[in-house]
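This is what each chain is made of:
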Amino acid sequence: MFDEMNRRAFLKQTAQTALAGAVVGGLPAFAEEEPPTTQPAVEWRNKQPTMGYAKFGRANFMTSRCVFGAGGLYKGGGGPTRLLEVAIERGVNYIDTGRPYAGSEAAIAPVMKRHRDKVWIVSKAGHIGWPDMRIKPGQDAEAAKLYTDQLEESLRDLQVDTIDCYMVQGVEHDWVVTMDSLYEAFCKARDAGKVRFFGLATHTNVSRVCELAAESKRYDVVMPAVNPNSLAELAPAIRKMHEAGIGVVSMKTSGPITRDPKVYDEHYKQMFAGQDLSPFQRAYAYMLFRGNIDAFNSHCPNVQILDENLKVPTLKFSQAELDRLEPQVLTDARGACHHCGACTAACPEGIRVADLLRARAYTHTYGDPDLAAQIYRQAGRSPSVACTACGTCRAACPESIDLPSIVGCRL
Ligand code: SF4
Ligand code: SF4
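All values reported here derive from a predicted model rather than from experimental measurement.

Is there a simple way to explain the environment of Ile88 in this structure?
Tracing the chain through its elements places Ile88 in helix α2 (residues 78-89). Taking the number of C-beta atoms within 10 Å as the measure of exposure, Ile88 has 20 and is therefore buried. Separated by 24 residues in the primary sequence, Ile88 and Ser64 place their C-alpha atoms 10.0 Å from one another. Setting aside chain neighbours within four positions, we find Ile88 in contact with Asn46, His115, Lys118 and Val119.

Dropping the structure here:
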C-alpha cells in the first residue's frame, strides 16, 4: 500500500521536478541546472517524542537526526535486526545501507516489510568509487551501468519497489561528481519510480567533493565524513550544500576517541546540567547543535551504543553549555583524520592509506572488526602486506597521524 502511494506521490513530484529543471532532449548542461522551484510537501514518517527531527533540504523530509547505519547488519540472526526494530520504535526514520555491505540489504528486508511506511531507506552503489575504485576517467557508460545494476540488486534484496535515495558511494574525484552518465542513470530510474532522490557519500577529498556537489545542483543528499576536528575546514562546503537544498548527513562523526573517557566524566557532569554524556555523545551533540548538519549516521553494533546514539537528538543545551562543550569536544577529537586523502595520494606503493585508517576505526572505535575485514575483502587486496614503512604518508598528513604503524597492523 505504501509503495503504491509513495510511487504516485513520487511520479507527481517527478513531473514537477522535470518541469522546473527544464530537462529537454536529455540532460541540461551542468552549469545551467537549477534546483526544482516547486518543493514537495513536508514529509513526516514515524514521528516519536523520543527522537529529534530536522527538515532535510529540498527533499522536505523530516529526518530523524540519528540515522541508523545498517552496514553491520549482514551477520544475520535476531540480535542485529532487533537493534533496528528498537531504533524504529524510538523514532528513527532514516536507514542507511549500501551494496558494498554485502548482505546488509537482505538482512534488513524483513524489517522493511513490517515498517516500510515508517522509514526512508537510503542505499548506495559501490565500486564506481569505494571500495575498489573500478571506474577510471572516461568510463562513463560503465559507471552508469554499475549504478543501474546495483540499484536493481538493492531493490531486489531490500524487497521494496522504491528506494528513497540511491547514492554513489565513496566519491573522491571531481569527474565522478560531475559525470553526466551517472546523473542520467539516476534520472531514468527516478522516472521509472524506482528511486526518489540522488546522493553521494564521500570520505576522501571531502571538501572539494562537497563543494562540487553543491555547485552541480544535482544532488539531494550528501553524506560526508566529518568530525569535530575537521568541521571548521568543511564548514564553508556545508553552508553551500544547505544553500543548494542538499540534506547533509555526517558519517565517521566522532573521530577516533582514544583517551580514557572516564578521566573527565565527573567534570563534564557538572558542566552540562548533570547530563552524563559519553565522549561520543558529546561529539555527536556538538556536530548536531553547532555543526550545522541535519543528522549523523551512527553505527550501532550493540544495545548500549544504540541507546547512547538515540538519546543525542533529544539532548538540551543552553548556549553557554554549548560554548563550554566546544573546547572539550575539540580536545577529545584532536588528531582526528580530515579525510583529505593526502596520505593515499603520497604512498609510493599505491596503498589506500586513508581507507586502512577507516577500517581501523571500525575495529577499534566502533567495535566491529568483522565489518572492517569484510569491506577490505571486497577491495580485493591486502594493503598492509605491501607497506615498506617508508613514512611518506605520515609526512604528507596534516595531522601527523602515525600512519605507518597503523597501516602495518594486520586487521
Ligand atoms: S609507510 Fe607504507 S603506507 Fe605509508 S607511504 Fe610508505 S609504503 Fe605507503
Ligand atoms: S593525510 Fe592524514 S588527515 Fe589526510 S586523509 Fe590521510 S590520515 Fe586523514
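Help me out: how do you make sense of the site of ligand 2 in this one?
Around ligand 2, a shell composed of 16 residues is seen, among which Cys337, Cys340, Ala342, Cys343 and Cys397 lie nearest. Broken down by secondary-structure element, the contributors of at least two residues to the shell around ligand 2 are α13 (342-346) and α14 (353-364). With three residues, the top contributor of residues to the shell around ligand 2 is α14. Grouping the amino acids of the shell around ligand 2 by side-chain chemistry returns 12 nonpolar, three polar and one charged.

Can you help me understand the nonpolar core in this one?
Counting 107 residues, the largest nonpolar core has Tyr147, Ala213, Val221 and Val222 as its most contacted members. Among the elements that take part in this core, helix α10 (residues 279-289) stands out by supplying eight residues, more than any other. Domain assignment of the residues forming this core places at least three in each of domain 1 (42-332) and domain 2 (342-407). What Val221 contacts, discounting residues up to four positions off in sequence, is Ala59, Cys165, Met167, Phe197, Gly199, Ile246, Gly247 and Val249.

Help me out: how do you make sense of α10 in this one?
Structural remark: α-helix, 3.6 residues per turn; residues separated by three or four positions point the same way. Where burial is concerned, most of α10 is hidden: 10 out of the 11 residues are buried. Residues of α10 that are buried include every one of Pro279, Phe280, Arg282, Ala283, Tyr284, Ala285, Tyr286, Met287, Leu288 and Phe289, and no others. Where α10 is buried, its residues meet α8 (231-243), β9 (247-250), β10 (295-299), α11 (303-311) and α12 (319-332).

Can you help me understand the packing of α10 against α12 in this one?
The packing of two helices is summarised by the inter-axis angle and the distance between the axes. It is the contact of α10 with α12, at a shortest axis distance of 10 Å, that shows an interaxial angle of 120°. Between α10 and α12, the interaxial angle falls into the category oblique. Here α10 runs over α12; the crossing is left-handed. Contacts between α10 and α12 pair Pro279, Arg282, Ala283, Ala285, Tyr286 and Phe289 from the former with Leu322, Leu325, Glu326, Gln328, Val329 and Asp332 from the latter. Across the contact of α10 with α12, the residue classes break down as eight nonpolar, one polar and three charged.

For this particular structure, what's the right way to read the sheet that holds strand β7 (residues 195-202)?
Sheet strands pair via backbone hydrogen bonds, and the direction of the pair is either parallel or antiparallel. Pairing in this closed barrel of eight strands is parallel, and the strands run β3-β4-β5-β6-β7-β8-β9-β10 around the ring. Recorded for the sheet is a direction-independent mean angle of 30° between the axes of neighbouring strands. The pairing of β7 with strand β8 (residues 221-224) spans four bridges and is parallel. Note that in β8 the partner of Leu200 across the bridge is Val222.

What am I meant to see in the environment of Ile401 here?
Inspection of the secondary structure puts Ile401 in the loop between α17 (392-396) and α18 (403-407). C-beta crowding within 10 Å serves as the criterion here: with 20 such atoms nearby, Ile401 is assigned to the buried category. Expressed as a C-alpha distance, the spacing of Ile401 and Ala336, which sit 65 residues apart in the sequence, is 8.1 Å. Non-local contacts of Ile401, meaning those with residues more than four positions away in its chain, are made with Gly335, Cys337 and Arg394.

What is the right way to read the confidence of the model for the protein from this model?
Low-pLDDT stretches of the model should not have their predicted coordinates read in fine detail. Looking at the protein, the pLDDT average stands at 83 and 77% of residues meet or exceed 70. With pLDDT under 50 throughout, residues 1-32 is counted as low confidence; its partners more than four residues away or in other chains account for 36 contacts.

Help me understand the site of ligand 1, please; the structure alone is not making it clear to me.
Contacts to ligand 1 come from 15 residues, most closely from Cys347, Cys387, Cys390, Thr392 and Cys393. Those elements that provide at least two residues to the shell around ligand 1 are α17 and α18. In terms of residue count, α18 provides more of the shell around ligand 1 than any other element does, three residues in total. Considering only residue class, the shell around ligand 1 consists of 11 nonpolar, three polar and one charged.

Is there a simple way to explain the pairing of strand β1 (residues 53-56) in this structure?
It is a general feature of regular strands that their side chains alternate between the two faces of the sheet. Sheet topology places β1 next to strand β2 (residues 61-64); four bridges connect them, and they run antiparallel. Each residue of the ladder has a partner; that of Lys55, found in β2, is Met62. Linking β1 back to β2 in an antiparallel pair, the connection comprises four residues, with Gly57 at a positive phi of about 55°.

Calculation rules
Residues numbered from 1 in each chain as written. Chains lettered and ligands numbered in written order. Predicted model: local features only at pLDDT ≥ 70, side-chain atom pairs only at ≥ 80, totals over all residues. Helix = DSSP H or I, 4+ residues; strand = E, 2+ residues; numbered from the N terminus. Buried ≥ 20, exposed ≤ 12 C-beta atoms within 10 Å, placed from the backbone. Contact = placed C-beta atoms within 7 Å. Near = placed C-beta within 6 Å. Nonpolar A, V, L, I, M, F, W, Y, C, P; charged D, E, K, R; others polar. Core = buried A, V, L, I, M, F, W, Y, C linked by C-beta atoms within 7 Å. Domains from an automatic or database assignment. Axes fitted to C-alpha atoms, helices over the stretch in contact; angles between N-to-C directions. Parallel < 35°, antiparallel > 145°, perpendicular 65-115°, else oblique. Left-handed = near helix turned anticlockwise from the far one by under 90°. Pairing = 2+ DSSP bridges. pLDDT = per-residue confidence, 0-100.

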